[in-house]
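# Chain and residue survey
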Amino acid sequence: MDDKDIIELYFARNEMAISETADKYGNYCTAIAKNIVGNDEDAYECVNDTYLNTWDAIPPTRPSIFSAFLAKITRNLAFNIYRRKHTKKRSGGEVTLVLDELAECVSGKDNVESEVERKELISTINSFLESLEPNKRNIFVCRYWYSDSVKNIATRFKMTESNVSVTLNRLRVKLKDYLAERGYEV
């Protein structure tokens, strides 16, 4: 079923919208959630919550890119589950590695004081991503949006894990420099 048709089911408050969403995007959302939370049970919970949140958001929201809309909901829910389970201790895992890697570019502390500044930062990071060649941009997004492991990225892009790690390191340095040049405290 086409995304527009699925969205129309949500607007009609037809419960088939959820089953159609699950059929088309269930594996996609599960992969995102599992990369972040690290286990099937929490990923399953997250994906089910994604369907509920989507039901609550549509209407009034009419997403222009349904897959990205679902990915954002899934990702936010997965990070909430991750934070809830890891509040007292920092354990290993892909999310911890991803956050540690990005901490050298963008501080984890809330030093972006206003919503306007936050939106400007998002716009600047998007401009940085647009400046990258597609392959590097995809590697960056796989790691820092989807929390894919270096091993999975290497397999997907037919690279060695070492090459992926070096590429990611260079991209983080470029991002840090890019942000610093534009006046962001890094």
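For the structure, see preceding data.
To keep things clear, this report deals only with the structure shown in the data block. Keep in mind that what you see is a predicted model, and the values were worked out from it rather than measured. (Residues numbered from 1 in each chain as written. Predicted model: local features only at pLDDT ≥ 70, side-chain atom pairs only at ≥ 80, totals over all residues. Heavy atoms only, no water.)

## Describing the overall build of the chain
Rule in force here: Each helix is a run of H or I in the DSSP string that is no shorter than four residues. Each strand is a run of E no shorter than two, and both are numbered from the N terminus. Using a 1.4 Å probe on the protein chains alone, a residue whose accessible area is under 20% of its type maximum counts as buried, one over 50% counts as exposed, and one in between counts as partly exposed. Note on contacts: a residue pair is in contact if any heavy atoms of the two residues lie within 4.5 Å. Throughout, the Shrake-Rupley method with a 1.4 Å probe supplies accessible areas, and for residues the shown protein chains are the sole cover considered.
Summing up its helical and strand segments, the chain has nine helices and zero strands in all. The order of α-helices and β-strands along the chain, N terminus first, is α-α-α-α-α-α-α-α-α. Looking at the chain residue by residue over its 186 residues, the buried ones come to 37%. Here the contacts in the chain between residues at least 6 apart in sequence split such that 62% fall between residues at least 24 apart. As presented, the chain carries roughly 11200 Å² of accessible surface, and 50% of it is formed by carbon and sulfur atoms.

## Some thoughts on the packing of aromatic side chains
Under the convention used in this document: For Phe, Tyr and Trp, rings pair up if their centres lie within 6.5 Å, where Trp contributes its six-membered ring, and each pair is then called stacked (planes under 30 degrees apart), edge-to-face (over 60) or tilted (otherwise). The rule is short: NZ of Lys or CZ of Arg within 6 Å of the ring centre and within 35 degrees of the ring normal puts a charge over the ring.
One pass over the full model with this rule turns up nine aromatic pairs. Seen in terms of ring centroids, Phe 128 and Phe 140 are 6.1 Å apart; in terms of plane orientation they differ by 70°. Their pairing is edge-to-face. Taken together, the positions of Phe 128 in helix α6 (residues 115-131) and Phe 140 in helix α7 (residues 134-144) put the pair 12 residues apart, joining distant regions of the chain. The lysine or arginine in question, Arg 13, covers the ring of Trp 55, its NZ or CZ lying 4.0 Å from the ring centre. Across from the ring centre of Tyr 178, 3.4 Å away, lies the NZ or CZ of Arg 182, which sits over that ring.

## A closer look at the side chain of Glu 20
Where we set the bar: Only four residue types enter the tally: Lys and Arg on the positive side, Asp and Glu on the negative side; His and the chain ends are excluded. A pair is scored as a salt bridge if a Lys or Arg side-chain nitrogen falls within 4 Å of a carboxyl oxygen belonging to Asp or Glu.
With respect to the helices, strands and loops of the structure, Glu 20 is situated in helix α2 (residues 16-37). Lacking a salt bridge, the buried Glu 20 has Lys 24 as its closest oppositely charged neighbour, with an N-O distance of 8.4 Å. Here Glu 20 is in contact with Met 1, Ile 6 and Leu 9, once residues within four sequence places are set aside.

## A few points about the pattern of salt bridges
What the rule picks out here adds up to six salt bridges. Between Arg 62 and Glu 8 there is a salt bridge, with its nearest N and O atoms 2.5 Å apart. Residue Arg 62 is found in the loop between α3 (40-57) and α4 (66-85), and its partner Glu 8 is found in helix α1 (residues 3-11); the two are separated by 54 residues along the sequence. The class for Arg 62 is partly exposed, based on a relative accessible area of 47%. A relative accessible area of 39% means that Glu 8 is categorised as partly exposed. Across the pair Asp 42 and Lys 85 runs a salt bridge, and its minimum N-O distance is 3.2 Å. Here the residue Asp 42 occupies a position in helix α3, and Lys 85 occupies one in helix α4, the gap between them amounting to 43 residues. The exposure class of Asp 42 is buried, given its relative accessible area of 2%.

## Structural notes on helix α8 (residues 150-157)
Rule in force here: Starting at the helix axis, one direction is taken to each C-beta atom, and the arc is that of these directions.
Of all the positions in α8, only Val 150, Ile 153, Ala 154 and Phe 157 are classed as buried. Down the axis, α8 shows its buried residues gathered within 100° of arc, on one side only. In α8, the exposed positions that point more than 90 degrees away from the buried face belong to Lys 151, Thr 155 and Arg 156. Once α8 finishes, Lys 158 follows within two positions and takes phi at roughly 55°, a positive value.

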